[in-house]
Protein chains: 2
Amino acid sequence: MSLPLIDVHTHMYLPRYVALLRQRTRVPRIVSRAGGDRLVILPDEENDTSTSAGRPIGGEFHEVRRKLAFMDKHGIAVSVVSSANPWIDFVEPDEAPALAAQLNDDLEAICAASAGRLLGFGVLALQRPETCAAELKRIAGHPHMRGVIIGSAGRGRGLDDPDFEPIWKAAADGGLFVFIHPHYGVGQNLFPDTGHAMMLALGFTFETSIAVALLILRGVLERHPGLKLLIAHAGGTLPYLAGRLDSCVKNDISKDFGLPRPPSHYLRQCWYDSIAYHGPALAALTAFADPARIMFGTDHPFFRPHVADDVLDKTTWPAPEENLQALSSLSAEQQKAIAYANGLAAFAISLP
Amino acid sequence: MSLPLIDVHTHMYLPRYVALLRQRTRVPRIVSRAGGDRLVILPDEENDTSTSAGRPIGGEFHEVRRKLAFMDKHGIAVSVVSSANPWIDFVEPDEAPALAAQLNDDLEAICAASAGRLLGFGVLALQRPETCAAELKRIAGHPHMRGVIIGSAGRGRGLDDPDFEPIWKAAADGGLFVFIHPHYGVGQNLFPDTGHAMMLALGFTFETSIAVALLILRGVLERHPGLKLLIAHAGGTLPYLAGRLDSCVKNDISKDFGLPRPPSHYLRQCWYDSIAYHGPALAALTAFADPARIMFGTDHPFFRPHVADDVLDKTTWPAPEENLQALSSLSAEQQKAIAYANGLAAFAISLP
């Protein structure tokens, strides 16, 4: 199967952001080593002072031409590029709103110069929630921006923080996507000495799942049915757990969330990328979600192949291959919808 | 569809255990209230001193005749009964081995008197791991016992605790199942004021998933390929996340677990109940797991219908109905396998 692809989950650390990471002495930061620069971003890397802390970072993380080379190699027609975790969550509150606006303008300029290959998800200064609605309105006027990406932890009190209510309204009013993405992880204290594997496989997906479940239980999607939430990594675990969540909410005599419908109703209003790395998850996702709201993603430039930098652009990356392979047991119509048709419609894309 | 059912996930608090819970002043315990007894068992209930702490507990939790009435009402031919969480995890280490043996003998006697309707999963004194292999050997000699149930948290250091190695060997040698079940939860600090719903839907399934993933990554299933793990609640989240776990392990340059095969290989050696409450999860589970290793369960007597005690035995419970309904999109062969054929084979059951 060879399908044109729209990639809705693909990251860049913008040059202005990379410069900021290079100046820092605490995570997140970029450290120069004899073997090349290293990106140290995960919370559990804070205390790792070894020379192998973090992971190699090259131009594939911040150069537009490398993103386009990756897209060409993998048959990706259009990418909806998002800033990568942890976004600007660590920035001083007084500085965050201006930085958000600068990064959003940077991304718009990059997309505008891409001859139709790139669209963008911007960032918000969640540490100053009162500024976010105005920034969303401003972003809505940028022709290549399609929404924002925000971390599942919000500003530390969860995405159900009441101060975020104007964000949901402004995003819904502006027709903008809010891409919910993990960074902080859940449960790390239970899996010491497991490298990044458990954190990325379980900690990340649990974080996303808790955040979105709380958004639903606190009524955000009931109050804003037009809000377009895109949930990272095939929805974390929620397409699998949706029935259990319904049952647990319905049977809990100790708490009434006052929702007129079960949580799964609101989960079906959401969008999902198809980044699950195996067919069984896609079987659940396609059985659960709105068929028009599942879209292909790669998570580039993470999970970089273990090859030298000078051959990287000519190398096939495993993640997009595995995620394409995972579609193979679906019908031709489902494959087409996920690979590109849903993305074209959701992001108003005209193929270049 | 009307199928005879084998229920592999169904609990009892044995009378000896109920008496113990009544004597206690801290969770887990049973509290007498004007409106009836209440069972207070979850860790987050420790500080809840209200009269509505916990949940109502009646004879359906500990009387054999009520278990049989439930089975008759729902077409369940045979139940493999397990003690319920938190088992004997809270008992003083010096007292735990003898109590485990007494409870296992109690359960064997109950099953022996049931005219073929009941089989059992016993308990182990995990706080004294050096005693467990002998108790497993003893249990293997009980004609109605089919294994043990243990909590995903082990004795507090995870199931990958090296001191548990003799448990896995003894269970594998004796052909006994080890039923992995959650109790302590993961992530609770992130979802305050959510009753039990988030804890049971997400906290429980995350706990199980972490525990089993660690068992696999530490090589337990590689060393003991004959070990029969039954993973509660449709495997928590693992059938959905198995592909992501494989990918994250393969791409983690910071940690080599030294496993000759990807984690999903070992997950396919495991057994799963079908307790997911919706069809999409079953679509993933049946696409992922060995078709002979998925078995029906009810989680009785939890999720009790909100009716008076005197009509409870005549009431249809929602959980088994929802979990039967979730099978309806599967093939007739798959439904038969999950409803009873796999259970008959796995537990060497002759229908009465």
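Residues numbered from 1 in each chain as written. Chains lettered and ligands numbered in written order. Predicted model: local features only at pLDDT ≥ 70, side-chain atom pairs only at ≥ 80, totals over all residues. Heavy atoms only, no water.

- Named according to an unreviewed UniProt entry, chain A is Amidohydrolase originating from Reyranella soli.

### Here we look at the pattern of salt bridges
Thinking step 1. Summed over all chains, the structure comprises 46 salt bridges over all chains.
Thinking step 2. In this structure, the salt-bridge partner of arginine 155 of chain A is aspartate 161 of chain A, at a minimum N-O distance of 2.9 Å.
Thinking step 3. Taking the relative accessible area as the measure of exposure, aspartate 161 of chain A reaches 3% and is therefore buried.
Thinking step 4. Glutamate 165 of chain B serves as the salt-bridge partner of arginine 223 of chain B, at 2.8 Å between the closest nitrogen and oxygen. One end of the pair, arginine 223 of chain B, is in helix H7 (residues 220-223); the other, glutamate 165 of chain B, is in helix H5 (residues 165-174), with 58 residues separating them in the sequence.
Thinking step 5. Via salt bridges that share partners, Glu60, Arg66, Arg304, Asp309 and Asp313 of chain A belong to a single interconnected network. (Salt bridge = Lys/Arg side-chain N within 4 Å of Asp/Glu carboxyl O. Buried < 20%, exposed > 50% of the residue type's maximum accessible area, 1.4 Å probe, protein only. Helix = DSSP H or I, 4+ residues; strand = E, 2+ residues; numbered from the N terminus.)

### A few points about the interface of chain A and chain B
Thinking step 1. At the interface, 60 residues of chain A touch 60 residues of chain B.
Thinking step 2. Of the roughly 5,200 Å² buried at the junction of chain A and chain B (both faces included), carbon and sulfur atoms supply 68%.
Thinking step 3. The interface formed by chain A and chain B contains 4 salt bridges.
Thinking step 4. The salt bridge involving aspartate 193 of chain B is made with lysine 255 of chain A; its shortest N-O contact spans 3.1 Å.
Thinking step 5. For the pair chain A and chain B, the number of links is 23 residue pairs in polar contact (both at pLDDT 80 or more).
Thinking step 6. Each residue belonging to the side of chain A that touches chain B can be placed in one class, and the counts come to 37 nonpolar, 15 polar and 8 charged. (Contact = heavy atoms within 4.5 Å. Buried area = accessible area lost by both parts, 1.4 Å probe. Polar contact = N/O pair within 3.5 Å; in protein donor to acceptor, adjacent residues only side chain to side chain. Nonpolar A, V, L, I, M, F, W, Y, C, P; charged D, E, K, R; others polar.)

### Topic: the sheet that holds strand S8 (residues 177-181) of chain A
All names here are of chain A.
Thinking step 1. Pairing in this open sheet of 8 strands is parallel, and the strands run S1-S5-S6-S7-S8-S9-S10-S11 from one edge to the other. Because the sheet does not close on itself, it has two edges, and the strands there are strand S1 (5-12) and strand S11 (294-295).
Thinking step 2. Contacts from helix H6 (residues 197-217) reach S8 and strand S9 (228-231), with the element oriented near 135° to S8. (Pairing = 2+ DSSP bridges. Axes fitted to C-alpha atoms, helices over the stretch in contact; angles between N-to-C directions.)

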